[in-house]
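# Coordinate analysis (summary)
Listed here are the chains, written in short residue letters.
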Amino acid sequence: IAGITQAPTSQILAAGRRMTLRCTQDMRHNAMYWYRQDLGLGLRLIHYSNTAGTTGKGEVPDGYSVSRANTDDFPLTLASAVPSQTSVYFCASRPGQENTEAFFGQGTRLTVV
Amino acid sequence: GQSLEQPSEVTAVEGAIVQINCTYQTSGFYGLSWYQQHDGGAPTFLSYNGLDGLEETGRFSSFLSRSDSYGYLLLQELQMKDSASYFCASTDSWGKLQFGAGTQVVVTP
């Protein structure tokens, strides 16, 4: 693993199903983020974590949950997927909450049908 | 809460200079960043301003005025490869990193 990795790359999911998007980084970054990107709306923050064991809500947290059991992993769970959650999801990390540069994964394209 | 406003699209010719403005309303504002994203790709970091003034990184420069809640990204000597989306992003004192809706820069020959 080099940098920040997301899995799966893409997924088609039936509405009502549960889904976990995985995000792993090997840079020992404390801060991690989940965004969704929809056309014309930019990157909207779903949840974030400043350090292992802590999480916070972003702009659009409803329908999503996260956990941060350790420094490297920050999974995003959709408990019961709905079509409006169709989007491209990006995970990002940076050394600390006040550090400058965030590094992004390659994204997960999720389609809920 | 936070909100960031930036123009939706800018078009310019190769070799020109483009300025992308960003105004923000961020509680506990800590700093302003800029990111570039090519179609379908991951955003990549361009520049950061934690203090007022100009930061220069090659052909790209970024400016911040905290008193005006305003910043801009300056792209000089535009090249075709600069065609992309550009996002301003603010960091607040709680650690949130939030983005504007993005500016599509179209570079024409």
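Refer to the preceding data block for the structure.
Notes on the structure in this doc start here. Every chain's residues receive numbers from 1 upward, in the order its sequence appears when written. Chain A is the first chain written and ligand 1 is the first ligand written, with later ones labelled in order. Only residues with pLDDT of at least 70 get local features here, since the model is predicted, and only at 80 or more are side-chain atom pairs given and counted; chain-wide, interface and lining totals rely on the full set of residues. Each side-chain value is worked out from all heavy atoms of the structure, with water and hydrogens disregarded.

### Here's the deal with the sheet that holds strand β3 (residues 19–25) of chain A
All names here are of chain A. Strand order in the open sheet formed by four strands is β1-β3-β8-β7, and the pairing between neighbours is antiparallel. Looking at strand neighbours, the two that pair on one side only are β1 (4–7) and β7 (64–66), the edges of this open sheet. Direction aside, the axes of adjacent strands within the sheet are offset by 20° on average. For two strands to pair, DSSP has to find at least two bridges joining them. By definition, any uninterrupted DSSP run of H or I lasting at least four residues is a helix, any uninterrupted run of E lasting at least two residues is a strand, and each is numbered from the N terminus. Between N-to-C directions, angles cover 0 to 180 degrees, with each direction set by a line fitted to C-alpha atoms, over the stretch in contact for helices.

### So, the nonpolar core
Counting 21 residues, the largest nonpolar core has Val 18, Ile 20, Leu 32, Trp 34, Leu 73, Leu 75 and Tyr 86 of chain B as its most contacted members. For this core, the secondary-structure elements that each account for two or more residues are β2 (9–13), β3 (18–26), β4 (29–37), β7 (60–65), β8 (70–75), β9 (84–92) and β11 (103–108) of chain B. In terms of residue count, the dominant contributor to this core is β3 of chain B (four residues). Every residue pair with non-hydrogen atoms within 4.5 Å of one another is taken to be in contact. Once residues within four sequence positions are removed from consideration, Ile 20 of chain B is found in contact with Gln 6, Pro 7, Trp 34, Gly 71, Tyr 72, Leu 73, Leu 75, Tyr 86, Thr 103 and Val 105 of chain B. Formed by 18 residues, the second largest nonpolar core is a distinct cluster that contains Ile 46, Val 66, Leu 78 and Cys 91 of chain A. Within this scheme, the nonpolar core is defined by two criteria: the residues are buried Ala, Val, Leu, Ile, Met, Phe, Trp, Tyr or Cys, and they are joined through side-chain atoms within 4.5 Å. Per-residue accessibility, obtained with a 1.4 Å probe over protein chains only, is compared with the maximum for each type, and a residue is labelled buried under 20%, exposed over 50%, and partly exposed between these values.

### Overview of the sheet that holds strand β6 (residues 53–57) of chain B
All names here are of chain B. Taken together, five strands build an open sheet; the order of strands is β1-β3-β8-β7-β6 and the sheet is antiparallel. Strands at the two margins of the open sheet, each flanked by one partner only, are β1 (2–5) and β6. Geometrically, the sheet is characterised by an average inter-axis angle of 20° between neighbouring strands, direction not taken into account. The sheet contact formed by β3 and β8 spans six bridges and is antiparallel. Pairing of Gln 19 across the sheet is with Leu 74, part of β8.

### Considerations on the interface of chain A and chain B
Facing the 22 residues of chain A at the interface are 20 residues of chain B. Of all residues in chain A, Leu 43, Glu 98 and Thr 100 of chain A give up the largest surface area on contact with chain B, accounting jointly for 26% of the area buried on that side. Polar contact is the term for a pair of N or O atoms within 3.5 Å; when the atoms are in protein, one must be able to donate a hydrogen and the other to accept it, and sequence-neighboring residues count only if both atoms are side-chain atoms. Summed over the shared surface of chain A and chain B, the result is six residue pairs in polar contact (both at pLDDT 80 or more). For the side of chain A that touches chain B, the secondary-structure elements that each account for two or more residues are β4 (31–38), β5 (42–49) and β9 (87–94) of chain A. Of the residues forming the side of chain A that touches chain B, the biggest block, four residues, is contributed by β5 of chain A. All amino acids are sorted into three groups, where Ala, Val, Leu, Ile, Met, Phe, Trp, Tyr, Cys and Pro are nonpolar, Asp, Glu, Lys and Arg are charged, and the leftover types, Gly among them, are polar. Here the residues of the side of chain A that touches chain B sort into nine nonpolar, eight polar and five charged. Note on terms: buried area is the combined drop in 1.4 Å-probe accessible area of two parts once they are placed together, counting the loss on both.

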